[in-house]
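# Structural characterization, general
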Amino acid sequence: MKYLLLLATVFALNSCNTSIGIYRDTKAAFLWTKGKIQSNGGGSGGGYEDDYGAPVY
C-alpha cells in the first residue's frame, strides 16, 4: 500500500514545472552550501545560473 501511494505521488508530481522547480531549488541549495563551505561562512555563496533555457514563472 505504501509503495502504491508513493508511486501515485511520483506520477502526480511529475509535471514539467514541478520537476524543473525541484531541480532548480536543489541546485540552488547545493551551490549556496558549496559557496558557504568554500568561503568559510563569509560572502554571498555561489551564484545560481540556469543554463537550460526552461521557462521561469
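Here, every reference points to the structure presented above.
Here the structure is a predicted model, which is why all the values come from computation and not from measurement. (Residues numbered from 1 in each chain as written. Predicted model: local features only at pLDDT ≥ 70, side-chain atom pairs only at ≥ 80, totals over all residues. Heavy atoms only, no water.)

### Quick look at the overall build of the chain
When helices and strands are counted, the chain shows 2 helices and 0 strands. On the chain, roughly 4900 Å² of surface is accessible, and the fraction owed to carbon and sulfur atoms is 66%. (Helix = DSSP H or I, 4+ residues; strand = E, 2+ residues; numbered from the N terminus. Areas by Shrake-Rupley, 256 points an atom, 1.4 Å probe, with all protein chains shown as cover.)

### A short note on a nonpolar patch on the surface
A surface patch of nonpolar side chains, about 370 Å² in accessible area, is lined by Tyr 3, Leu 6 and Val 10. One can find Val 10 in helix H1 (residues 2-12). What makes Val 10 partly exposed here is its relative accessible area of 46%. (Patch = residues over 30% accessible without salt bridge, like charges linked within 9 Å, V, L, I, M, F, W, Y side chains within 5 Å. Salt bridge = Lys/Arg side-chain N within 4 Å of Asp/Glu carboxyl O. Buried < 20%, exposed > 50% of the residue type's maximum accessible area, 1.4 Å probe, protein only.)

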